Amino acid sequence: MDSIPNGVVMKKNVICRVCFTPVSNTGMGLIGPIECQFLEEMKAVMDTNFFGLVRLLKEILPDLKRRKRGHTIVISSVMDIQGKQPTGYLLTLIEPCPVVTELEWKVYEEGLKTDLSTADTETASMFTNIYLKNCNQIFQSLGQTLEDIAEHTHKIITTDNPPFRHQTNKLYTPMTTLKYADPYGDLPIDTFYKIVFEHDKIFNASLNFIKILCLGSRKSFNLGKPQP
């Protein structure tokens, strides 16, 4: 992957004067029972399939944003949705979101200190004035406690027929439903974009309304420093 910068530069000089369409088709596979795999082999798969794409995006995104045009193609696979529930024991994916913990506070604080000098002005402004602001609002209005997650976990453990996936926050159901309703992925992305960028006042008002409704049933949260 060290050759990515040179490859990208070559494409910019030769191809991108007309159209810039980078294609990420790098990948490697690994099959077999997980207990039979070596950790180093798993790391190699992640380094190629995940971090390889990350490295590519870091090289091409600044130019794509500057041009305000282009199309990045990522070759993936539907194999990640195939699998088999283990025989003789059960597996459940508990999917909480968002959960207010000290970790979230630390991540938010680090986000406020992020060095945005290498980002373009528009991206830096969106991160600071839209993402961080909305992140705080969402956690205040929709945030769950560790106790909430523990209750859901206990319920899953003690139920006779637990599901493979379990979402702990019903307030997030509309957004996750959109994801599964559209196999192409356009519906949730388009909806989220319009909510945040075109109807931000309605979005903020809705979050405040939800926060008021939930005041009697759970604590109010803020991504500020936890009180001792």
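Look up: the structure comes first, before these words.
Residues numbered from 1 in each chain as written. Predicted model: local features only at pLDDT ≥ 70, side-chain atom pairs only at ≥ 80, totals over all residues. Heavy atoms only, no water.

## Some words on the packing of aromatic side chains
Summed over the entire model, instances satisfying the criterion amount to two aromatic pairs. With centroids separated by 4.8 Å and ring planes inclined at 80°, the aromatic side chains of F50 and F51 adopt a geometry described as edge-to-face. For F51, a relative accessible area of 40% corresponds to the partly exposed category. (Phe/Tyr/Trp six-rings, centres within 6.5 Å; stacked < 30°, edge-to-face > 60°. Buried < 20%, exposed > 50% of the residue type's maximum accessible area, 1.4 Å probe, protein only.)

## A closer look at the pattern of salt bridges
Across all of its chains, the model carries eight salt bridges by this definition. For E95, the salt bridge identified is with R165, shortest N-O distance 2.4 Å. Linking E95 in strand β3 (residues 93–95) with R165 in strand β4 (residues 165–167), this pair joins segments that are 70 residues apart in sequence. Assessed through its relative accessible area of 25%, E95 is described here as partly exposed. Residue R165 is classed as partly exposed on the basis of its relative accessible area, which comes to 45%. (Salt bridge = Lys/Arg side-chain N within 4 Å of Asp/Glu carboxyl O. Helix = DSSP H or I, 4+ residues; strand = E, 2+ residues; numbered from the N terminus.)

## Some thoughts on the packing of helix α2 (residues 39–49) against helix α3 (residues 51–67)
Remark: α2 packs on α3, axes separated minimally by 3 Å, with the N-to-C direction vectors making an angle of 25°. Judged on the interaxial angle alone, α3 and α2 are roughly parallel. Note on element contacts: α3 touches α2 through F51, G52, L53 and R55, opposite M46, D47, T48 and N49. (Axes fitted to C-alpha atoms, helices over the stretch in contact; angles between N-to-C directions. Parallel < 35°, antiparallel > 145°, perpendicular 65-115°, else oblique. Contact = heavy atoms within 4.5 Å.)

## Concerning the packing of helix α7 (residues 173–181) against helix α8 (residues 186–198)
At a closest axis distance of 7 Å, the pairing of α7 and α8 adopts a crossing angle of 145°. Residue-level contacts link M175, L178, K179 and A181 of α7 to L187, P188, T191 and F192 of α8. Residues that form the contact of α7 with α8 fall into these classes: six nonpolar, one polar and one charged. (Nonpolar A, V, L, I, M, F, W, Y, C, P; charged D, E, K, R; others polar.)

## Quick word on the layout of surface pockets
A volume near 660 Å³ is recorded for the second largest pocket. Lining the second largest pocket are 27 residues, with I138, Y172, F192, V196 and F203 sitting closest to its centre. For the lining of the second largest pocket, the secondary-structure elements that each account for two or more residues are α5 (121–142), α7, α8 and α9 (200–213). The leading source of residues in the lining of the second largest pocket is α5, at ten residues. (1 Å grid on protein atoms, 1.4 Å probe; cavity = no way out; pocket = protein on both sides within 12 Å on 5 of 7 lines; lining within 4 Å. Points joined across faces, edges and corners; volume = space filled by probe spheres on them.)

## Considerations on the side chain of S24
Along the polypeptide, S24 turns up in strand β1 (residues 23–24). Assessed through its relative accessible area of 9%, S24 is described here as buried. In contact with S24, other than residues within four places in its own chain, are L53, L56, I73, V74 and I75.

## A closer look at a nonpolar patch on the surface
Taken together, the side chains of M46, F50, F51 and V54 present a nonpolar region at the surface, about 350 Å² in accessible area. Counting through the fold element by element, M46 comes out in helix α2. The exposure class of M46 is partly exposed, given its relative accessible area of 44%. (Patch = residues over 30% accessible without salt bridge, like charges linked within 9 Å, V, L, I, M, F, W, Y side chains within 5 Å. Areas by Shrake-Rupley, 256 points an atom, 1.4 Å probe, with all protein chains shown as cover.)

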